Amino acid sequence: MREGGIGAAVKRKEDFRLLTGRGTYTDDIARPGELFAHMLRSPHAHAAISAVDISAAEQAPGVVAVLTGPDADADGLGGMPCGWGITSRDGTPMVEPKWPVIAQETVRYVGEIVAAVIAETADQAADAAALIHVAYDSAPACVQTARATEADAPRVHEAAVGNICFDWDLGDKEAADSAFANAAHVAALDLVNQRIVPHPMEPRAAIAEFDVAAAKLTLHCTGQAAHAMRLLLGAFVLNQPEHKFRVVCPDVGGGFGTKVPPYCEYAILCWAARKLGRTVRWTGQRAECFITDTHGRDHATKCELALDGEGKFTGLRVLTTANMGAYLSAFAPLIPTYLYATLFAGQYTTPAIWTNVKAVFTHTSPVDALRGAGRPEATYLVERLVDEAARLSGLDPVEIRRRNMIPADAFPYQTPVALLYDSGEYERALDIAVETSGWNDFEARRRDSEGAGKLRGIGFAAPIEATGAAPSAIAGSLGARAGLYESAQVRFNATGTVTVFVGTHNHGQGHETTFAQLITDKLGVPLENVEVVEGDTDRATMGMGTYGSRSLSVGGSAVDRAMDKIVEKGRKIAAHLMEASVEDVEFDSGTFTVSGTDKSTSIAEVAFAAYVPHNYPLEELEPGLDEQAYFDPVNFNFPYGAYVAEVEIDPETGRLSVERFTAVDDVGNIINPMIVEGQVHGGVVHGIGQAVCEQVVFDDSGQPLTGSLMDYTLPRADDVPSLTLDHTVTPCPMNPLGVKGVGEIGAIGAPAAVMNAVVNALAPLGVTHVDMPATSHAVWQAIQNARAA
């Protein structure tokens, strides 16, 4: 291991800047003479708009403009774009209604923008917005996911019959049906994967400015994918030429998927700045985040698992209704299809799988990616079914998993639901988790809890995910409307320092450190001499951003390819400097040497020669040491794990505490163990939050009842025990670094592990299932129902 290179647990370079208040977030950016925007939002989930009277607002102090839906039409703005198309099983394209930047005839969810006020101060904009009179004719709302397709459900869009956006399937139905016809046991569950809100610490914010002389628009915003934001907003909404549109995503205080898609507010700011020739800014309030940031999950599912007499899985059938909300956000159709159903094999050898997914519109906030995006839903479904199968067959939950796990010698492994798994030693991770968690000693701890009047349960989960979405050609055939490659540029400066430009984005993952470690390891440049630049479309070459745990496996691989080009050109320069044949020049740890001699020169000396070419092979090479590369992976990579949760429950109050949690993960080769550990910690806490406390609730009229942190519970420090972490390493053969994604695996595995533990704790009472979140009330009610049965 080179000092500071791959495998070193070095502290994150960016932390000093961020922890001492020296970061630059979107709301820190200010421009002279800037204006402020305030969005007037619908208080109704479903209503017709008969009139919008803005006359009083236009006359209010400080108001520069009031923008409405007809103004957007008059100026030629397009609707908000969807980045992925799905084809229904009958061959028809999904229903894709226009999502107007500002609502016109109808509002379809609480929080939809009805008008935008632009004023000299934020207070003036808010005061003027209060003067706008909107005549609404409210109508019944379609809210509940499971009831959206019922005949009497209110229609969200006229084009969507039965509120169905698409009706999609995957797998072999005939084979699955045959498996069930011959099954010795059938485990069946009705599952709800509840709607949750991402809640990054930094609310969404944006500031747009327009250079009249250059006709150039610049948007600073809290985004995870600057180039994708520019593409989607510029080409489909604003009609702004790409070379005249710059998007900058500076320091970002967390994303979790909600900051990937473009938003109406960003389009409005850009439009207003261009229209007025002045800078316009907006910062979302926490209350706005609850209703306007894209939500996640929201599935209602019926599923069943077939087993033979030996406890082997023979078939899986899944029927899911997935809520899209009122409109299709950028990647919403992808999540309950190719990021969900393709993971139904889990870590198991189930030979026959079939699923049907109906995506529906409702009068609720749009849904999009949220940490794990489809994979947490898949793992929860599979792992809850496996525990139910263990109960029915009388097998231990660990033993039934062991009997069905894909063996290590079977990789690469083709699943029956499209994916080709890359590498894994699933049973090894399981064995470590069993040993580390004290699984075999659990009954003694259960007795101790019973002695204190408590119920204790233990739960296992074997999460798997697909990260680094790829390749572009296949993704395109499945509905992707953009590529899934990544680009990187490695630039040596004349004095030997290095600047790396990459199309990913750092919003808490430690990219400034991890990418620098790649440079240190391969090129021998000290960590402190490496700068990493992301999130600026004018500086970084085209890239697809950060989501789906793709940054290192795709972006890092592009960096690695660019370094290979640097070394290859450097060998030619070094050969000239040392008067040797290129074939005789070797490179290692930042030094070029002539094999069999004591001749050597450092890469810093080579870089200086490239920029000050007084002694340089100009007849063969251009000056400079600056290389660019693209990487389009040939397959996903597949991180996996083995998780064990242990809970204790007070049967009189339903109060639940997670007492122990063990996570054994395999994320391929590890660049920085400390960063990996931090990512797992964060993911597990996120997953525990969904399991025990988080849930978005609407009333029957579509009003959100969880619209503040007084109503929506996030996990606190005392909700999470000290985590026990371990790992295995099976390198990924699909990228040159051998890495797999890490940022989401904790959130994927934790909900199933915790809920299996909850059910295990309540099993002596006859409880066989509890829906998430396992709040005190939900657990108490399950206990009361069991006692009354």
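Our structure is the block above this text.
Residues numbered from 1 in each chain as written. Predicted model: local features only at pLDDT ≥ 70, side-chain atom pairs only at ≥ 80, totals over all residues. Heavy atoms only, no water.

At a closest axis distance of 9 Å, the pairing of helix H15 (residues 551-577) and helix H16 (residues 603-611) adopts a crossing angle of 80 degrees. When the axes of H15 and H16 are compared, the pair comes out roughly perpendicular. Touching Ile566, Gly570, Ile573, Ala574 and Leu577 of H15 are Ile603, Glu605, Val606, Ala609 and Ala610, all from H16. Taken together, the residues of the contact of H15 with H16 break down into eight nonpolar, one polar and one charged. (Axes fitted to C-alpha atoms, helices over the stretch in contact; angles between N-to-C directions. Helix = DSSP H or I, 4+ residues; strand = E, 2+ residues; numbered from the N terminus. Parallel < 35°, antiparallel > 145°, perpendicular 65-115°, else oblique. Contact = heavy atoms within 4.5 Å. Nonpolar A, V, L, I, M, F, W, Y, C, P; charged D, E, K, R; others polar.)

Moving on, we come to empty space enclosed by the protein. Summed over all chains, the structure comprises six cavities of 30 Å³ or more. Volume-wise, the largest cavity comes out at about 70 Å³. As for the largest cavity, its lining consists of Arg41, Trp99, Tyr109, Gly111, Ile113, Arg204, Tyr263, Cys264, Glu265, Thr292 and Pro366. Classifying every residue of the lining of the largest cavity by side-chain character gives six nonpolar, two polar and three charged. (1 Å grid on protein atoms, 1.4 Å probe; cavity = no way out; pocket = protein on both sides within 12 Å on 5 of 7 lines; lining within 4 Å. Points joined across faces, edges and corners; volume = space filled by probe spheres on them.)

Turning to the sheet that holds strand E3 (residues 63-68), a few remarks are in order. If you trace the seven strands from one edge of the open sheet to the other, you get E3-E5-E1-E12-E9-E10-E11, paired in mixed fashion. Two strands in the sheet have a free side with no partner beyond their single neighbour: E3 and strand E11 (245-248). The average undirected angle you get between the axes of adjacent strands in this sheet is 20 degrees. Set on the sheet, helix H6 (residues 226-238) makes contact with strand E10 (216-221) and E11; between it and E11 the angle comes to about 140 degrees. Contacts from helix H7 (residues 264-276) reach strand E1 (35-41), E3, strand E5 (113-119), strand E9 (205-211), E10, E11 and strand E12 (280-283), with the element oriented near 25 degrees to E9. (Pairing = 2+ DSSP bridges.)

This part takes up the packing of aromatic side chains. Within the structure shown, the criterion is met by 17 aromatic pairs. Measuring from ring centre to ring centre gives 6.2 Å for Phe636 and Phe638, while their planes differ by 45 degrees; the resulting arrangement is tilted. The same class applies to Phe636 as to Phe638, namely buried. (Phe/Tyr/Trp six-rings, centres within 6.5 Å; stacked < 30°, edge-to-face > 60°. Buried < 20%, exposed > 50% of the residue type's maximum accessible area, 1.4 Å probe, protein only.)

In this structure, the amide linkage connecting Phe411 to the following residue, Pro412, adopts the cis form with an omega of -5 degrees. Inspection of the secondary structure assignment puts Pro412 in the loop between helix H10 (397-404) and strand E16 (413-414). Backbone torsion omega between Met772 and Pro773 reads -10 degrees, so that peptide bond is classified as cis. Note that Pro773 resides in the loop between helix H18 (745-762) and helix H19 (776-788). Of note, Arg297 is a non-glycine position whose phi angle comes to about 70 degrees, a positive value.

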